Amino acid sequence: MRARDGRLPGWGADAGLVVLTFVPALLSQPYVDTSGPAWVSLMAYETVGVVVLLLRRRMPATAFVVGFGALLAALVGSAGEGAKLSPLVFLPPAVLLYNLGHHGVSRRRTMSAALGVSVLSAAGLWLNRMTTDSGDYRGGLDVLAALAPMPLAWVMGFAARTRQELLAAAERQAADARRAQALEATQATQRERTRIAGEMHDVVAHSLTLLVVHAETLRARGGELPAWARAQIDGLAAAGRQSSGELRDLLRMLRDPADAVPLQPVPDLGELDALLAGHRAAGGTVELTMDVASQSVPGPVQLAVYRVVQEALVNARRHAPGAPVQVTVYGKGDGELRCEIVNGRGVRRAAAGAGIGLGLVSMEERISALGGELTAGPTGDGGFRVAATMPWERAHA
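Definitions and cut-offs
- Residues numbered from 1 in each chain as written.
- Predicted model: local features only at pLDDT ≥ 70, side-chain atom pairs only at ≥ 80, totals over all residues.
- Heavy atoms only, no water.
- Salt bridge = Lys/Arg side-chain N within 4 Å of Asp/Glu carboxyl O.
- Buried < 20%, exposed > 50% of the residue type's maximum accessible area, 1.4 Å probe, protein only.
- Pairing = 2+ DSSP bridges.
- Helix = DSSP H or I, 4+ residues; strand = E, 2+ residues; numbered from the N terminus.
- Axes fitted to C-alpha atoms, helices over the stretch in contact; angles between N-to-C directions.
- Parallel < 35°, antiparallel > 145°, perpendicular 65-115°, else oblique.
- Left-handed = near helix turned anticlockwise from the far one by under 90°.
- Contact = heavy atoms within 4.5 Å.
- Nonpolar A, V, L, I, M, F, W, Y, C, P; charged D, E, K, R; others polar.
- Phe/Tyr/Trp six-rings, centres within 6.5 Å; stacked < 30°, edge-to-face > 60°.
- Core = buried A, V, L, I, M, F, W, Y, C linked by side-chain atoms within 4.5 Å.
- pLDDT = per-residue confidence, 0-100.
- Patch = residues over 30% accessible without salt bridge, like charges linked within 9 Å, V, L, I, M, F, W, Y side chains within 5 Å.
- Areas by Shrake-Rupley, 256 points an atom, 1.4 Å probe, with all protein chains shown as cover.

1. Details of the pattern of salt bridges
Phase 1 of the analysis: All chains considered together, the criterion is met by five salt bridges.
Phase 2 of the analysis: The salt bridge involving Arg191 is made with Glu184; its shortest N-O contact spans 3.3 Å.
Phase 3 of the analysis: Ionic pairing is found between Glu340 and Arg338, a salt bridge with its closest N-O pair at 3.2 Å.
Phase 4 of the analysis: By relative accessible area, which is 16% here, Arg338 ends up buried.
Phase 5 of the analysis: Among the charged side chains, a salt-bridge network with shared partners connects Arg338, Glu340 and Arg385.

Here it is in structure tokens:
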């Protein structure tokens, strides 16, 4: 058994206390009285004292009364035989009295212990007067001087217990304050999430709904449109419906994080073909090379790949219209998945001021959350390349 928190284990503290309490009387007794009756009384008293000292935590009041009674018996018995004990025999009762004040004994038990000690003192004084005729062996001012400081030991124990209770109360108050602060922070966060969800619903969801309504209206009049326009309208309506569904999931999660199960299926690698078809319907050119089975890829990694490809295609349409795009997804031998999206130089001029620069930041945060890395930058031929590497094991964990 080892010491913990800088404190000795219970048996170590008891052993040290026994040595410090009882050994001094043994060492000083030869300088007071070396007679046989003195040693017999001292050894009998210390034997009882060791037992009650070891039981002091379990029975504080009883241990003090028994220890004090053993001391009186030793003093009266040795005086009756014409022997004296070392003054240090008063150390154990002082320790037991400190223990009585420290362990929070009820007032009734404390008063009962004090009454019992008083009765024992009166009986011991009477027996001392009856068993010896010599004034040298009768209890007098020397015994009174040794007993007078005893109440101070109880006061010290009571003060130590009070300090511990105050510290415990302060720790409880601090813990309550931390919990209240955490609760307030959680509530404030939830209020902010609800506010953001409301703003997104009022602005983005309304605009998406109008977009889908206008697209469906144009589809209903598809006979009046050229073939290329019908394809564009179909892609626009499909993208609007998908975005509306994902936005509903996001708003529901913002309002109640516990209700985070999406209503729409989570996109995975199997949805890449539909994503690329939407890009082609918008007038883009894209090719996919994938040499990994989607069933072997963890769900979080599949979603991350889908979002990276989705954002890269949007950036290609925005900044390099008409440029060919090559998407490559493959597994590396060291337990990682690699996804690369490379687009060439745009064949048409990009829209001025397109984008707000958050797409790459979002991709990097998503990949970093899975323990992966994202690199993005221009290529030598005027195109742009995005590459993401993610470990499978981290995603499984």
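Next comes the rest of the description.
2. Concerning the pairing of strand β4 (residues 373–378)
Phase 1 of the analysis: Inspection of the sheet shows β4 paired to strand β5 (residues 384–391) by six bridges, in the antiparallel sense. Considered in β5, the bridge of Pro378 is made with Phe384.

3. Details of the packing of helix α2 (residues 36–54) against helix α4 (residues 91–102)
The relative placement of two packed helices comes down to the angle between their axes together with the axis-to-axis distance.
Phase 1 of the analysis: Where α2 meets α4, the closest approach of the two axes is 11 Å, and the angle between their N-to-C directions is 15 degrees. Relative to α4, the element α2 is oriented roughly parallel. Between α2 and α4 the crossing geometry is left-handed. In this structure, α2 contributes Tyr45, Val52 and Leu53 to the contact, and α4 contributes Pro92, Pro93, Val95 and Leu96.
Phase 2 of the analysis: Classifying every residue of the contact of α2 with α4 gives seven nonpolar, no polar and no charged.

4. A few points about the packing of aromatic side chains
Phase 1 of the analysis: One pass over the structure, following the stated rule, counts two aromatic pairs.
Phase 2 of the analysis: Aromatic side chains Phe64 and Phe68 sit 6.1 Å apart centroid to centroid with 45 degrees between the ring planes, which places their arrangement in the tilted category. Highlighted residues: Phe64 and Phe68, both in helix α3 (residues 60–80), separated by four residues, approximately one helical turn. In this structure, Phe64 and Phe68 share a single accessibility class: buried.
Phase 3 of the analysis: Centroid distance Trp154 to Phe158: 5.3 Å. Interplanar angle 15 degrees. Geometry classified as stacked. Highlighted residues: Trp154 and Phe158, both in helix α7 (residues 150–220), separated by four residues, approximately one helical turn.
Phase 4 of the analysis: Residue classification places Trp154 among the partly exposed residues on the basis of a relative accessible area of 28%.
Phase 5 of the analysis: On the basis of relative accessible area, Phe158 is assigned to the partly exposed category, the value being 35%.

5. Some thoughts on the packing of helix α9 (residues 272–281) against helix α10 (residues 299–319)
Phase 1 of the analysis: Across the interface, α9 lies against α10 with an axial gap of 11 Å and an inter-helix angle of 5 degrees. With respect to α10, the axis of α9 lies roughly parallel. Counting all contacts with α9, which are made through Leu272, Leu275, Leu276 and His279, the residues of α10 involved are Tyr306, Val309, Gln310, Leu313 and Arg317.
Phase 2 of the analysis: Its residues assigned to classes, the contact of α9 with α10 comprises six nonpolar, two polar and one charged.

6. Regarding the nonpolar core
Phase 1 of the analysis: Counting residues in each nonpolar core, the largest one holds 30 residues, and the members touching the most others are Val305, Val309, Val327, Val329, Leu337, Ile341 and Met390.
Phase 2 of the analysis: With nine residues, the top contributor of residues to this core is α10.
Phase 3 of the analysis: Aside from chain neighbours lying at most four places away, what touches Met390 is Val301, Ala304, Val305, Gly335, Glu336, Leu337, Ile367, Leu370 and Gly372.
Phase 4 of the analysis: By size, the runner-up hydrophobic cluster in this structure holds 27 residues, among which are Tyr45, Ala63, Leu97 and Ala113.

7. Topic: the confidence of the model for the protein
Phase 1 of the analysis: Per-residue confidence for the protein gives a mean pLDDT of 79, with 83% of residues at or over 70.
Phase 2 of the analysis: Of all secondary-structure elements in the protein, the lowest mean pLDDT belongs to helix α12 (residues 392–396), at 58, while β5 reaches the highest, 91.
Phase 3 of the analysis: Taken as a whole, residues 1–6 scores under 50 in pLDDT and shows five contacts with residues more than four places along the chain or in a different chain.

8. So, a nonpolar patch on the surface
Phase 1 of the analysis: Residues Tyr98, Leu152, Val155 and Met156 make up a contiguous nonpolar surface patch of roughly 370 Å² in combined accessible area.
Phase 2 of the analysis: With three residues, α7 is the single largest residue contributor to the nonpolar patch.
Phase 3 of the analysis: Mapping Met156 onto the fold places it in helix α7.
Phase 4 of the analysis: Taking the relative accessible area as the measure of exposure, Met156 reaches 48% and is therefore partly exposed.

9. Side note on the sheet that holds strand β3 (residues 336–343)
Phase 1 of the analysis: If you walk across this open sheet you meet the five strands as β1-β2-β3-β5-β4, and the pairing is mixed. At either end of the open sheet lies a strand with only one pairing partner, and these are β1 (285–290) and β4. Taken over all neighbouring pairs, the strand axes of this sheet differ in orientation by 10 degrees on average, direction set aside.
Phase 2 of the analysis: As paired strands, strand β2 (residues 324–332) and β3 are joined by eight bridges and run antiparallel to one another. The partner of Gln326 across the bridge, within β3, is Val342.
Phase 3 of the analysis: Contacts between α9 and the sheet are confined to β1 and β2, with β1 contributing the most and set at about 165 degrees to the helix.
Phase 4 of the analysis: Docked against the sheet, helix α11 (residues 359–369) engages β4 and β5, running at close to 155 degrees with respect to β4.

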